[in-house]
Amino acid sequence: GAPPVRAAESFTLQGRQPPVGMATDHDRDRYWLLERTSGRLQLIGLGADGQVQGRMTSRDPLTNAQALAFVDGEAWVGDIGGRRQEVSVYRVTEPWPGTEILHAPRYRLTYPDGPHDAAAILVDGDHRIHVVTKGPGAGIYRAPANPSTTDPNGLERLADAPAEDVTDAVALIDGRWVVRTPTTVFTLDAASHAPLGQAEIGVAEK
């Protein structure tokens, strides 16, 4: 697990389009951004001051990347957007600004109950992949403990999502989960997935 993304000192992403995912490498005081890409896996590394340190790229094609997680030195990119039966999550071990790799391990995931749209993944302390879907019937789905990189992996539906518009999720160090929508943050019990509390997201005025 990891703490949620929050800068020690706020900064502005100058000249950048809004990212679809952001995650923190706490060991290196670095943030990783996932932007809307033109079909290629690409992450942008930022320093603690918000300055761009470089890009990490691979030759893996993306259809509609929407989510990013970072756990124990590994970045997980969720190519999960758009209503479809099969989605993909890529695992990038020890990403570094300014580097390029040929391919990252890809985990193909299939929903058990038809196509879904999604914008959030969660990778827990055991490196177990979860996908949180959105829209009517939104749910929390879990991948197998040891997913295959060659064959599709069936997802298991664990529970209803706390809202129909979840955009991000993270497993905290203490085991709790936090998921967010554009307006609300929910804390969930990791075992039962029941909400433990919620808070509205405030925007500070300059």
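Going by the structure above, here's the rest.
Note that the coordinates shown come from a computational prediction; the quantities given were computed from them, not determined experimentally. (Residues numbered from 1 in each chain as written. Predicted model: local features only at pLDDT ≥ 70, side-chain atom pairs only at ≥ 80, totals over all residues. Heavy atoms only, no water.)

A word on the overall build of the protein. When you go through the protein residue by residue, the secondary structure sums to zero helices and 18 strands. Each of the three principal axes of the protein carries a C-alpha extent, and together these read 40 × 40 × 30 Å. The buried share among the 206 residues of the protein stands at 45%. Pairs at least 24 residues apart make up 42% of the contacts formed inside the protein by residues separated by at least 6 positions. (Helix = DSSP H or I, 4+ residues; strand = E, 2+ residues; numbered from the N terminus. Buried < 20%, exposed > 50% of the residue type's maximum accessible area, 1.4 Å probe, protein only. Contact = heavy atoms within 4.5 Å.)

A few words on the packing of aromatic side chains. All chains considered together, the criterion is met by two aromatic pairs. Relative to Tyr-107, the ring of Trp-76 lies with its centre 6.2 Å away and its plane at 25 degrees, an arrangement referred to as stacked. Of this pair, Trp-76 sits in strand 6 (residues 74-79) while Tyr-107 sits in strand 9 (residues 106-110); the two residues are 31 residues apart in sequence, bridging distant segments of the chain. Centre to centre, the rings of Tyr-111 and Tyr-141 are 5.2 Å apart; their planes meet at 75 degrees, and the pair counts as edge-to-face. Placement of the pair is Tyr-111 in the loop between strand 9 and strand 10 (117-123) and Tyr-141 in strand 12 (residues 139-142), with a sequence separation of 30 residues. (Phe/Tyr/Trp six-rings, centres within 6.5 Å; stacked < 30°, edge-to-face > 60°.)

Let us now look at the environment of Ala-159. Considering the arrangement of structural elements, one finds Ala-159 in strand 14 (residues 156-160). With 48 residues separating them along the chain, Ala-159 and Tyr-111 place their C-alpha atoms 13 Å apart. When neighbours within four sequence positions are excluded, Ala-159 is seen to be in contact with Gly-139, Ile-140 and His-193.

With four of its five residues buried, strand 1 (residues 21-25) lies for the most part within the structure. Two strands pair when backbone bridges link them, and strand 1 and strand 2 (residues 30-34) are joined in this way by five bridges, in the antiparallel orientation. The partner of Thr-24 across the bridge, within strand 2, is Tyr-31. Where strand 1 folds back on strand 2, the antiparallel hairpin that results is connected by four residues, among which Asp-29 adopts a positive phi of roughly 50 degrees. (Pairing = 2+ DSSP bridges.)

Mapped onto the fold, His-193 is located in the loop between strand 17 (184-188) and strand 18 (195-200). Taking relative accessible area as the criterion, His-193 reaches 10% and is therefore assigned buried. For His-193, the side chain forms a polar contact with the main-chain oxygen of Ala-190, separated by 3.3 Å. Apart from the residues lying within four places of it in its own chain, the contact partners of His-193 are Ile-140, Leu-158, Ala-159, Trp-177 and Leu-188. (Polar contact = N/O pair within 3.5 Å; in protein donor to acceptor, adjacent residues only side chain to side chain.)

The five strands are arranged 5-6-7-9-13 in an open sheet whose pairing can be described as mixed. Only two strands of the sheet have a single neighbouring strand rather than two, namely strand 5 (67-71) and strand 13 (153-154). For strand 5 and strand 6, the ladder comprises five bridges, and the chain directions are antiparallel. Across the sheet, residue Leu-68 finds its bridge partner in strand 6, namely Val-77.

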